[in-house]
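So you can see what is in the structure, the chains are spelled out below.
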Amino acid sequence: MNLLYAEIVTVFSEQGMQMGIVRVGGARKKIALDLLTNPRSGDTVLLCDGVAIGRVEGGRQTEINHVPGNTR
């Protein structure tokens, strides 16, 4: 399971699914947004293996892209 924080750049519909382009670091990736209610450009979301599983509210995001035990 890979968990990352990302910022939504664009929201669109594709084959009946709510999709989006997100920015993770310097990269952009297309992901599914169907688990979120009313996703908008500029929202910060938590990704799990290419699917947005939750929106990060205000100051709750403390460590971006931190993996416990990673010493690099």
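All values reported here derive from a predicted model rather than from experimental measurement.

Q: For the environment of Val51, give the residues involved together with the corresponding values.
A: Checked against the element boundaries, Val51 lands in strand E5 (residues 51-55). Through-space distance from the C-alpha of Val51 to that of Leu35 is 8.1 Å; in sequence the pair is 16 residues apart. When neighbours within four sequence positions are excluded, Val51 is seen to be in contact with Ala32, Leu35 and Leu46.

Q: Run through a nonpolar patch on the surface, naming residues and quoting values.
A: On the surface, Met1, Leu3, Leu35 and Ile53 cluster together into a nonpolar patch covering about 460 Å² of accessible area. Relative to the helices and strands, Leu3 is located in strand E1 (residues 3-14).

Q: Quick one: what's the story with the pairing of strand E2 (residues 17-24), residue by residue and with numbers?
A: Relative to E2, E1 runs antiparallel, the two sharing seven bridges. Residue pairing across strands places Val11 opposite Gly20, the latter belonging to E2. In textbook terms, the turn of a hairpin is the stretch between consecutive antiparallel strands, and for E2 and strand E3 (residues 27-32) this stretch comprises two residues, one of which, Gly25, has a positive phi near 65 degrees.

Q: Can you tell me about the pattern of salt bridges, naming the residues and giving the values?
A: Considering all chains together, one arrives at four salt bridges under this definition. Salt-bridge contacts for Arg23 lead to Glu7; the nearest nitrogen and oxygen are separated by 3.5 Å. With a gap of 16 residues between them, Arg23 in strand E2 and Glu7 in strand E1 connect regions that are remote in the sequence. Arg55 is paired through a salt bridge with Asp43; the nearest N and O atoms lie 2.6 Å apart. Taken together, the residues Arg55 in strand E5 and Asp43 in the loop between E3 and strand E4 (44-48) connect sequence positions 12 residues apart.

Q: Give me the lowdown on the nonpolar core, citing residues and values where you can.
A: Among the nonpolar cores identified, the biggest contains 10 residues, and these are Ala6, Ile8, Val22, Val24, Ile31, Leu33, Leu36, Val45, Leu47 and Ala52. For this core, the secondary structure elements donating two or more residues are E1, E2 and E4. Apart from the residues lying within four places of it in its own chain, the contact partners of Val45 are Leu4, Tyr5, Ala6, Ile8, Leu36, Ala52, Gly54, Arg55 and Val56.

Q: Give me the lowdown on the environment of Ala6, citing residues and values where you can.
A: Along the chain, the position of Ala6 falls in strand E1. Sequence-distant contacts of Ala6, defined by excluding residues within four places in its chain, comprise Val22, Arg23, Val24, Asp43, Thr44, Val45 and Leu47.

Q: Residue-level account of the pairing of E1, with values.
A: Of the strand pairs in this sheet, E1 and E4 are connected by five bridges, and their pairing is antiparallel. Bridging across to E4, Glu7 finds its partner in Thr44. In textbook terms, the turn of a hairpin is the stretch between consecutive antiparallel strands, and for E1 and E2 this stretch comprises two residues, one of which, Gln15, has a positive phi near 50 degrees.

Thresholds, definitions, all that
- Note on numbering: residues in each chain are counted from 1, in written sequence order.
- This being a predicted model, a pLDDT of at least 70 is required before a residue's local features are given, and a value of 80 or more before pairs of side-chain atoms are given or counted; all residues contribute to the totals for chains, interfaces and linings.
- Note that the side-chain values use all heavy atoms of the structure and ignore hydrogens as well as water.
- Counting from the N terminus, the helices are DSSP H or I runs at least four residues long and the strands are E runs at least two residues long.
- Here, residues are in contact when the closest pair of their heavy atoms is within 4.5 Å.
- Like-charged residues within 9 Å of one another, or nonpolar side chains (Val, Leu, Ile, Met, Phe, Trp, Tyr) within 5 Å, are grouped into patches, provided each residue has over 30% relative accessible area and no salt bridge.
- What sets the accessible areas is the Shrake-Rupley method with a 1.4 Å probe; for residues, cover comes only from the shown protein chains.
- For this analysis, a salt bridge means a side-chain nitrogen from Lys or Arg found within 4 Å of a carboxyl oxygen belonging to Asp or Glu.
- Only strands that DSSP links by at least two bridges are regarded as paired with each other.
- Take the buried residues of types Ala, Val, Leu, Ile, Met, Phe, Trp, Tyr and Cys, join any two whose side-chain atoms come within 4.5 Å, and each joined set is a nonpolar core.
- Exposure categories follow from relative accessible area, calculated using a 1.4 Å probe and restricted to protein chains: below 20% of the type maximum is buried, above 50% is exposed, and the middle band is partly exposed.

Just geometry here; none of it tells us what the structure is for.
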